[in-house]
Amino acid sequence: MSTGADRSRPTGGGGSVLSPLRAVAAVCIIAPFVAMLWIPSYNKTNPKLLGFPFFYWYQLLWVVITAVLVVIANEAVKRDNAARRGGRPAADDADSGTEAR
């Protein structure tokens, strides 16, 4: 029977669960939530951009920023996983062009 302490340890022997690359990924994922939930920071009409009040174009700008941050987070996690495996690419990596069978 395993205890809760046994399940909390990493099984791959890859060291700490939170690496600098994973911290970068976490910040990239959390930043858009903080920006959108902090409503007083963008609850205004000026400055206008192409006739759109600040309230609208700020939110639309965050759609693009979020897409870029998700790509950065994805790459950071991929690199961290590769480093934990010792630099070997994953067998199921979509970038490799081959399928694992």
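This structure is a prediction, so every number in the text was calculated from the model and none was measured. (Residues numbered from 1 in each chain as written. Predicted model: local features only at pLDDT ≥ 70, side-chain atom pairs only at ≥ 80, totals over all residues. Heavy atoms only, no water.)

**Here we look at the overall build of the protein**
Next up, step 1: Scanning the protein from terminus to terminus reveals three helices and zero strands.
Next up, step 2: Mapped in sequence order, the helices and strands of the protein form the string α-α-α.
Next up, step 3: Burial analysis of the protein (101 residues in total) assigns 15% to the buried set.
Next up, step 4: A total of about 7,900 Å² of accessible surface is found on the protein, and carbon and sulfur atoms cover 66% of it. (Helix = DSSP H or I, 4+ residues; strand = E, 2+ residues; numbered from the N terminus. Buried < 20%, exposed > 50% of the residue type's maximum accessible area, 1.4 Å probe, protein only. Areas by Shrake-Rupley, 256 points an atom, 1.4 Å probe, with all protein chains shown as cover.)

**As for the packing of helix α2 (residues 20-37) against helix α3 (residues 54-84)**
Next up, step 1: Across the interface, α2 lies against α3 with an axial gap of 7 Å and an inter-helix angle of 165 degrees. Classified by the angle between their axes, α2 and α3 sit roughly antiparallel to one another. In this structure, the crossing between α2 and α3 has a hand that is left-handed.
Next up, step 2: Its residues assigned to classes, the contact of α2 with α3 shows 16 nonpolar, three polar and four charged. (Axes fitted to C-alpha atoms, helices over the stretch in contact; angles between N-to-C directions. Parallel < 35°, antiparallel > 145°, perpendicular 65-115°, else oblique. Left-handed = near helix turned anticlockwise from the far one by under 90°. Nonpolar A, V, L, I, M, F, W, Y, C, P; charged D, E, K, R; others polar.)

**A short note on α3**
Since the α-helix packs 3.6 residues into each turn, any two residues three or four apart lie on the same face.
Next up, step 1: Between its first and last C-alpha atoms α3 spans 44 Å; for 31 residues at 1.5 Å apiece the expected length is 45 Å, and the two agree.
Next up, step 2: Restricting attention to buried positions, one finds in α3 the residues Phe-54, Tyr-58, Trp-62, Leu-69, Ala-73, Ala-76 and Asp-80.
Next up, step 3: Along its buried surface, α3 packs onto α2.
Next up, step 4: Directly after α3, the chain includes Gly-86, whose backbone phi takes a positive value near 85 degrees. (Expected span 1.5 Å × (residues − 1). Contact = heavy atoms within 4.5 Å.)

**Describing the pattern of salt bridges**
Opposite charge on two side chains lets them pair, provided their charged atoms get close.
Next up, step 1: Tallied over the full model, the rule gives three salt bridges.
Next up, step 2: Residue Asp-80 pairs with Arg-22 through a salt bridge whose shortest N-O separation is 2.5 Å. On the criterion of sequence distance, the pair formed by Asp-80 in helix α3 and Arg-22 in helix α2 is long-range, its members being 58 residues apart.
Next up, step 3: Residue Asp-80 is classed as buried on the basis of its relative accessible area of 6%. (Salt bridge = Lys/Arg side-chain N within 4 Å of Asp/Glu carboxyl O.)

**Looking at the packing of aromatic side chains**
Next up, step 1: This model, assessed by the stated rule, comprises four aromatic pairs.
Next up, step 2: Considering the side-chain rings of Phe-55 and Tyr-56, the 5.4 Å spacing of their centres and the 85 degrees angle between planes classify their relative orientation as edge-to-face.
Next up, step 3: By relative accessible area, which is 28% here, Phe-55 ends up partly exposed.
Next up, step 4: We note Lys-44 situated over the ring of Phe-54; from NZ or CZ to the ring centre the distance is 5.1 Å. (Phe/Tyr/Trp six-rings, centres within 6.5 Å; stacked < 30°, edge-to-face > 60°. Lys NZ or Arg CZ within 6 Å of the ring centre and 35° of its normal.)

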